[in-house]
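# Coordinates in review
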Amino acid sequence: MPDANEKDQAGQAPGYTPASFEKRTAAWMGIAYVLMVLFVINFAIFTGGRELPGTFPLFLVPAAVGTAAVTIHRMRTQSLPAAARAGCVMMLLVCAAALLLGLALGVPALIAALGG
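Residues numbered from 1 in each chain as written. Predicted model: local features only at pLDDT ≥ 70, side-chain atom pairs only at ≥ 80, totals over all residues. Heavy atoms only, no water.

## Points about the pattern of salt bridges
Put simply, the rule is: The rule for a salt bridge is simple: a side-chain nitrogen of Lys or Arg has to be within 4 Å of a carboxyl oxygen of Asp or Glu. Helix numbering and strand numbering both begin at the N terminus, where a helix is a DSSP run of H or I of at least 4 residues and a strand a DSSP run of E of at least 2. Here the term buried applies to any residue with accessible area under 20% of the maximum for its type, exposed to any over 50%, and partly exposed to those in between, with areas from a 1.4 Å probe on protein chains only.
Enumeration over the complete set of coordinates arrives at one salt bridge. The salt bridge partner of Arg 74 is Glu 22, with a shortest N-O separation of 3.1 Å. Of the two residues, Arg 74 sits in helix 2 (residues 60-77) while Glu 22 sits in helix 1 (residues 21-46), which places them 52 residues apart along the sequence. By relative accessible area, which is 35% here, Arg 74 ends up partly exposed.

## A word on the environment of Leu 92
What counts is decided by this rule: The contact criterion used is simple: two residues touch if any of their non-hydrogen atoms lie within 4.5 Å.
In this fold, Leu 92 is placed in helix 3 (residues 85-115). Judged by its relative accessible area of 24%, Leu 92 falls in the partly exposed class. Filtering out sequence-adjacent residues up to four positions away, Leu 92 remains in contact with Ala 68, Thr 71, Ile 72 and Met 75.

## Considerations on helix 1
Heads up, the condition is: One less than the number of residues in a helix, times 1.5 Å, gives the span that helix is expected to have.
Relative to the 38 Å expected for 26 residues at 1.5 Å per residue, helix 1 spans 37 Å between its end C-alpha atoms, a close match to the ideal helical length. In the segment just after helix 1, Gly 48 is the residue with positive phi, at about 75°.

## So, the packing of helix 2 against helix 3
To be explicit about the condition: As a rule, the C-alpha atoms of each element are fitted with a line to give its axis, helices using only the stretch in contact, and angles between N-to-C directions run from 0 to 180 degrees. Between 65 and 115 degrees an angle is taken as roughly perpendicular, under 35 as roughly parallel, over 145 as roughly antiparallel, and anywhere else as oblique. In this scheme, a crossing is called left-handed if the near helix is turned counterclockwise away from the far one by less than a right angle; it is called right-handed if the turn is clockwise.
Running from N to C, helix 2 and helix 3 cross one another at 155°; their axes reach a closest spacing of 9 Å. In this view, helix 2 runs roughly antiparallel relative to helix 3, as classed from their interaxial angle. For the pair helix 2 and helix 3, the crossing hand works out as left-handed. Across from Leu 60, Val 61, Ala 64, Val 65, Thr 67, Ala 68, Thr 71, Ile 72 and Met 75 in helix 2, the residues of helix 3 making contact are Arg 85, Cys 88, Val 89, Met 91, Leu 92, Cys 95, Ala 98, Leu 99, Gly 102 and Leu 103.

## A look at the side chain of Thr 71
By the secondary structure assignment, Thr 71 is in helix 2. What Thr 71 contacts, discounting residues up to four positions off in sequence, is Cys 88, Met 91 and Leu 92.

## Section: the packing of aromatic side chains
As a reminder, the rule being used: Note on aromatic contacts: the rings of Phe and Tyr and the six-membered ring of Trp form a pair at centre separations within 6.5 Å, being stacked when their planes are under 30 degrees apart, edge-to-face when over 60 apart, and tilted otherwise.
Applying the stated criterion across every chain, the model contains three aromatic pairs. With centroids separated by 6.0 Å and ring planes inclined at 0°, the aromatic side chains of Tyr 33 and Phe 59 adopt a geometry described as stacked. Taken as a pair, Tyr 33 in helix 1 and Phe 59 in the loop between helix 1 and helix 2 lie far apart in primary sequence, 26 residues in all. By the ring-pair criterion, three or more aromatic residues cluster together here, those being Tyr 33, Phe 56 and Phe 59.

Rendered as structure tokens:
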């Protein structure tokens, strides 16, 4: 395995290439999902096995936000052809609907589960 200090064929040290915006967004979505699952597991452990019924729609929220962020980023950087703009707008509408649906169905159930 080559050492990090070795130079490549052109005589230059290999440079650092950061992850793409899409990969970073997916990583943040993963962190959000891990935190949500940990909350559900810890809630069950510390409340004697109680469940959080009806809160599954909250798992739509990170996916909707992440997809919307990637779509907006692609529209702003103009890395899409002009014909794809209508598809991007439709995707943003679907993301907004998923976000609102997830929050509308999940938050009242979460408040009811935590309150009682």
